Each structure stands twice: as structure tokens, then as C-alpha cells.
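Remarks on the overall topology
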Amino acid sequence: MSLSKTTLGNFELYTIETGDFKLDGGAMFGVVPKTLWSRGIEADEKNRIQMTMRCLLIKSKATDKLYLIDNGLGTKFNEKLMKIYQVDFSKHTMEKSFAEHGFNFEDVTDVIFTHLHFDHCGGTSYYDEDGNQQYTFPNAEYHVTKSHWETATNPNAREKASFLPENINPLKETDNLNLVDEDYIYEEGLSAIIVNGHTLGQQLPLIEGDGKKICFVADLLPTHVHVPLPWVMGYDMYPAETLKEKEGFLERAVREDFHLYLEHDYYKEIIKLSSDNGRYSVAESLLLNEV
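Summary of the structure given here.

Conventions used here
Along every chain, residues carry numbers that run from 1 in the direction the sequence is written. For this predicted model, a pLDDT threshold of at least 70 governs which residues receive local features, and a threshold of 80 or more governs which side-chain atom pairs are given and counted, while totals over whole chains, interfaces and linings are taken from all residues. Here the side-chain values reflect all heavy atoms present in the structure, with hydrogen atoms and water set aside. Any pair of Phe, Tyr and Trp rings, taking the six-membered ring for Trp, is counted once the centres come within 6.5 Å. Such a pair is stacked with planes under 30 degrees apart, edge-to-face with planes over 60 apart, and tilted for the rest. The numbering of helices and of strands both runs from the N terminus, where a helix is a DSSP run of H or I of at least 4 residues and a strand a run of E of at least 2. Only protein chains enter the area calculation, which uses a 1.4 Å probe; residues under 20% of their type maximum are buried, those over 50% are exposed, and those in between are partly exposed. Strands are treated as partners if at least two bridges between them are detected by DSSP. Here, a salt bridge means any side-chain nitrogen of Lys or Arg that lies within 4 Å of a carboxyl oxygen of Asp or Glu. Note that the arc is computed from the directions linking the helix axis to the C-beta atoms. Every residue pair with non-hydrogen atoms within 4.5 Å of one another is taken to be in contact. Axis definition: a line fit to C-alpha positions, over the contact stretch in the case of helices; interaxial angles, taken between N-to-C directions, run 0 to 180 degrees.

Once that is clear, we can look at the packing of aromatic side chains. Per the stated rule, a full pass over the model turns up 16 aromatic pairs. Measuring from centroid to centroid gives 5.7 Å for Phe-77 and Phe-118, while their planes differ by 45°, and the two rings are tilted. Placement of the pair is Phe-77 in the loop between strand S4 (66-69) and helix H3 (79-84) and Phe-118 in helix H5 (residues 118-121), with a sequence separation of 41 residues. Note on accessibility: Phe-77 and Phe-118 belong to one class, buried. Arranged with centres 5.3 Å apart and planes meeting at 70°, the rings of Phe-105 and Phe-137 form a pair that is edge-to-face. Here the residue Phe-105 occupies a position in the loop between helix H4 (94-101) and strand S5 (110-112), and Phe-137 occupies one in the loop between strand S7 (133-135) and strand S8 (141-145), the gap between them amounting to 32 residues. Judged by its relative accessible area of 0%, Phe-137 is buried. By the ring-pair criterion, three or more aromatic residues cluster together here, those being Phe-29, Trp-37 and Trp-231.

Right, dumping it as C-alpha cells:
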């Protein structure tokens, strides 16, 4: 099946699939019992659930910029890590996705990172034939919130394993890193909602146009099965904060009729929500080209 694309106001949007992987289902759903979450998503014999790394390419007709939101795991994992996370590039790679839409990596002017955990920023660089790191997007400026950059470069012991040196160091060394404030607006119609529960300074890009809104929800809602309010990941650094942020976000998503673009959901690309006395559920599932 070909990749999705659509137009929203001054923006052309393109689905970028970068590959699939698996994570432990227990960690993905925290204190929620497996008897509950397994009704919505299947686990393998090692209790891992199927996930993907779905990014978003945004072409601005107003500024001629080409934004990429996150860039997946990349290709720097060794064989051991590839096996642990069951990384699968057989269906999709970032390179194939760009080519299908008619773009090259050199075309990207801006990379917006939701955050810098390894499955969101590993594609920033790669190893060449001599084992040296090269930048995948040589003409891009990289955008990270100031609070998250502080977290990524001075992580606590629990979160440290998510910030791999081979991903963070190229960003430290580039002159093209832009540390943004929490109220930063990339351009008219492209801003971000900041949340701090999963990790400090995670930004959820919000695209607006033609009376519609698409929010790239990253790890606030990793899958459609995470919609119920208390279903929070064990990976979250500050789960009580996630719960508070999630409640406000879900209420806003229903009120403002958000289309929620899912980064990690293997089965659903975009969802819309409904609410019944504060109980949220998936009202509609669709592809980007159906928005």
C-alpha cells in the first residue's frame, strides 16, 4: 500500500514510515494489567508488542521550508540491539518513504524533534563505509526545546539509557541546533504543544489549516490503545504529570476536533476521539489522505 499524503491550508503533509520494532508490553502500559491491555493489542511470546516509527514530512507553501518531525531509529544499532528490539526494515525505511514521495534527504530544511529518545532521533546520522558518522540531513536546522536539551545532555540514571551518545553527540557538535522556548511558533499554522510527563520538554507539533487541526502526539499517546486516561506508560519519567497533561489534552482534542497522528501505532495512522462523561474512546480511524 502506498504512503499517505494530504494538503492542509499552506501545508503539504506526507507520511514517512521509517521501520518497525517491538517493545515490552508491560512497560508500554505500566500498571495496567495485561488482561486489559492485551484485548486491544497482541503480545508475542516474549510479551512484546508490535510498534512502528511513523514520522511526518511537512512542506510549507508559504515559506518553502521542508520540515521533518522525528526520524526514527536510524541504522546505527548493532546486531544485539537489533535483535532485542526486533527492528524490521523489510517493509519500510526512511529512504524508501522519501523516495516514494519524491523527496531527498538534502531537501529537508528543518528537523523538529518531539524528544531525543533513541527511537525518535537515531536517523539524524549514520555510519559511512569507514565507520565515521555523517549527517543524514546535511542542510537542516535541528529544533529541540531548551528544557529537553538539558534533560538529554544531563539525564537522570533512569532515563540515561534512552539518550544514546551516538545520537546526542552529533547534535552537540553541529552549528545548526536551535533550542526553542515552549511557546515557539515555527510559522503561522505550525506550532507545538509542550508536555513534560514522558520526558521534560516533549513537543507535540500542531498543524492547522482549512479549518482542521492535526496533532503529532508522539509519546503522549503512543498507540490508540493508550487513549483511556489512566493508561500511562511505565517508561514515563513523571507518570502523575502525564496523567494531568493527558486529561487536558484529551479534553482539548475532543473540543477542537483534533486529528491525532500516531507515531508508534502499527495498526492505526490517525484517530479522532469522542468523550462520554470524561471517558475517552476512539471515534474514528483514518489515514492521512482521508483527513
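After that view, the rundown keeps rolling.
Right, let's talk about the pairing of strand S10 (residues 190-195) for a bit. Most of S10 is tucked away: 6 of the 6 residues are buried. Taking every second residue as pointing to the same face, both faces of S10 are buried, with Leu-190, Ala-192 and Ile-194 on one and Ser-191, Ile-193 and Val-195 on the other. When S10 meets strand S11 (residues 202-209), the two strands line up antiparallel, connected through 6 bridges. Paired with Ile-194 across the strands is Gln-203, a residue of S11. Following S10, the chain reverses through 6 residues before pairing antiparallel with S11; Gly-201 in that reversal takes a positive phi of roughly 75°.

The next subject is the pattern of salt bridges. Per the counting criterion, the structure on display carries 12 salt bridges. Across the pair Glu-251 and Arg-255 runs a salt bridge, and its minimum N-O distance is 2.3 Å. Taken together, the residues Glu-251 and Arg-255, both in helix H8 (residues 239-255) and 4 residues apart, mark about one turn of the helix. Taking the relative accessible area as the measure of exposure, Glu-251 reaches 36% and is therefore partly exposed. By relative accessible area, which is 52% here, Arg-255 ends up exposed. Its salt-bridge partner being Glu-256, residue Arg-255 comes within 3.4 Å of it at the nearest N-O pair. Classification of Glu-256 as partly exposed rests on a relative accessible area of 23%. Through salt bridges that share partners, Glu-208, Lys-213, Glu-251, Arg-252, Arg-255 and Glu-256 make up one connected network.

Turning to H4, its buried residues number three or more, namely Met-94, Ser-97, Phe-98 and His-101. What you see down the axis of H4 is that its buried residues fit within an arc of 100°, all on one side. In H4, those exposed residues whose orientation departs by more than 90 degrees from the buried face are Glu-95 and Ala-99. Check the buried side of H4 and you find it contacts strand S1 (5-8), strand S2 (11-24), strand S3 (48-60) and S4. Trailing H4 by a residue or two, Gly-102 shows a phi angle of about 85°, which is positive.

Once that is clear, we can look at the sheet that holds strand S15 (residues 279-286). Ordered in space as S10-S11-S12-S13-S14-S15, the 6 strands form an open sheet in which the pairing is mixed. Bordering the open sheet on either side are S10 and S15, each of which pairs with just one other strand. For this sheet, the mean inter-axis angle between neighbouring strands, taken without regard to orientation, is 30°. The sheet contact formed by S11 and strand S12 (residues 212-216) spans 4 bridges and is antiparallel. Counterpart to Gly-209 in the pairing with S12 is Lys-212.

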